[in-house]
Amino acid sequence: MNKRIFSAGILAAVIFASCGAPKEKDAATEATIEVNEADAHESSDFNYTADQFADLKLIRYQVPGFEELSAQEKELLYYLYEAALCGRDMMYDQNFRHNLRIRKTLEAIVAQEDSYSNDKEYPALLVYTKRVWFSNGIHHHYSNKKFEPEFSKEYFAKTVQSLKTEDLPLKKGESKDELIAELTEVIFNPALAPKKVSLDPETDMVANSAVNFYSDDMTQKDVEEYYASLDKVEKNQPEYGLNTRLVKENGKVVAQTYKIGGLYSEAIEKIVYWIEKAAKVAENDQQKLTLDNLVKYYKSGDVLDWDSYNIAWVNDTNSRTDVVNGFIEVYNDPLGYKGTFESVVSFKDMEATKRIETVSKEAQWFEDNSPIQDLSLIHISEPTRPY
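I will try to describe carefully the structure that is included in this document. All chains use their own residue numbering, which begins from 1 and follows the written sequence. Restriction of local features to residues with pLDDT of at least 70 applies here, the model being predicted, together with a cutoff of 80 or more for giving and counting side-chain atom pairs; totals for whole chains, interfaces and linings are based on all residues. Only hydrogens and water are removed before side-chain values are computed, so all heavy atoms of the structure are retained for them.

**What to know about the packing of helix α5 (residues 99-110) against helix α9 (residues 176-188)**
A packed helix pair is summarised by two numbers, namely the angle formed by the two axes and the spacing between the axes.
1) Next: The geometry of α5 relative to α9 is characterised by a closest axis approach of 11 Å and an angle of 110 degrees between their N-to-C directions. With respect to α9, the element α5 is oriented roughly perpendicular. Facing α5, whose interface residues are Arg101, Ile102 and Thr105, α9 presents Leu179, Glu182, Leu183, Val186 and Ile187.
2) Next: Per-class residue counts for the contact of α5 with α9 are five nonpolar, one polar and two charged. The angle between two axes is taken between their N-to-C directions and runs from 0 to 180 degrees, where each axis is a line fitted to C-alpha atoms and a helix contributes only its stretch in contact. Numbering goes from the N terminus for both helices and strands, where a helix is a DSSP run of H or I of at least four residues and a strand is a run of E of at least two. Orientation is classified from the angle alone, with under 35 degrees giving roughly parallel, over 145 giving roughly antiparallel, 65 to 115 giving roughly perpendicular, and any other angle giving oblique. The contact criterion used throughout is that any non-hydrogen atoms of two residues lie within 4.5 Å. Each residue is assigned to one class: nonpolar for Ala, Val, Leu, Ile, Met, Phe, Trp, Tyr, Cys and Pro, charged for Asp, Glu, Lys and Arg, and polar for all the others, Gly among them.

Listed below in structure tokens is the structure:
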């Protein structure tokens, strides 16, 4: 959280709501003073802007309290951080089936930046690469529209041709020319996979979405019929299919499960390796149970094990460190069934927590003295209809 924004918001709330406040309620004002003092003590020369390109501005944050963590807590955070990184390629692949090959090709070019830094078109290629990194693929993270490259096909082909074969993501038996032809079509053809997620109800939302939760030969009707045929699945689990990809095999729809021994097995094995190391240095028994349950889920792919993990996670209210790791949010699936991989590693800011607790204890007073008019006293008349 940006502490400057937080302090400004709290300060405005206290000043606006505390007019005529009794003296015994000065705790809220004191909390505001503490917030502002903490803000003033921040290094004034800290550079919050990490980078800026296209429509993006990347912000850096100070992380108060990290140095106060114990060696065990830092070790735990490191293991959880490594587990998060191991899932990176899965997210790219889920967003679009060509994303990984495009990213790896662009990274091979950028790795040889000294060879291209004087090229007129290189800055545009670098911006395109940064956008791919930020959005985990070649589609915009909000609009879902495919990026329009501002460098030419010819420049892309020239730079790829100049790279060593071993630095490129070539398929077995594939040549540079074949790689260039395939990726050029994907990157530069505006009609090919124009949107990551299409929610137009007048079209086939599966066929018109670039996301890779369903094989290319599947339609929206195929998916809906598949789920409609599953009357009783895993005790009617509403999240059934959260961690699967649907494909057609011999004309039949089949679910491929993300788990060890299944889809993305290599990446998930690495995630499990780091989570198991994290469990050994967990802060307490409840956190260890939570991490153990997550490992069990990644090994089985069973959504009932996913439920057990989430129940344990919700009950872990005493740990200072926390992690989210798994196939969770479904908004990248136009039909809302499939979860995208994500991971967030965090720890509690104890000083900020104290300040928030101080203000939250006065919540009832803020509500009682709110300048907002009692809505129950407001008469809303029916709008007059024009005839």
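So, next bit.
**Topic: the packing of aromatic side chains**
1) Next: Ring pairs shown here join Phe, Tyr and Trp side chains whose ring centres sit within 6.5 Å, with only the six-membered ring taken for Trp; geometry is labelled stacked below 30 degrees between planes, edge-to-face above 60, and tilted in between. In total, this model carries 22 aromatic pairs according to the counting rule given.
2) Next: Where Tyr78 meets Tyr79, the ring centres are 5.9 Å apart and the plane angle is 55 degrees; that geometry is what we call tilted.
3) Next: Since its relative accessible area comes to 11%, Tyr79 is described here as buried.
4) Next: Each ring, one from Tyr78 and one from Trp274, has its centre 5.8 Å from the other, and the planes form 85 degrees; the classification is edge-to-face. Within this pair, whereas Tyr78 is found in helix α3 (residues 71-85), its partner Trp274 is found in helix α11 (residues 265-280), the two being separated by 196 residues in sequence.
5) Next: Remark: exposure states derive from per-residue accessible area (1.4 Å probe, protein chains only) relative to the maximum for the residue type, with buried under 20%, exposed over 50%, and partly exposed in between. In this structure Tyr78 comes out as partly exposed when scored by relative accessible area, which is 41%.
6) Next: Lysine NZ or arginine CZ positioned within 6 Å of the ring centre and within 35 degrees of the ring normal marks a charge as sitting over the ring. Directly above the aromatic system of Tyr92 lies the positively charged group of Arg103, at a separation of 4.6 Å from the ring centroid.

**Points about unusual backbone geometry**
1) Next: In this structure, Asn144 takes a positive phi of about 70 degrees despite not being glycine.
2) Next: A positive phi angle, close to 55 degrees, is found at Asn250, a residue other than glycine.
3) Next: By the secondary structure assignment, Asn250 is in the loop between β3 (244-249) and β4 (252-257).
4) Next: The exposure class of Asn250 is exposed, given its relative accessible area of 85%.

Keep in mind that these numbers describe shape and distance, not what the molecule does.
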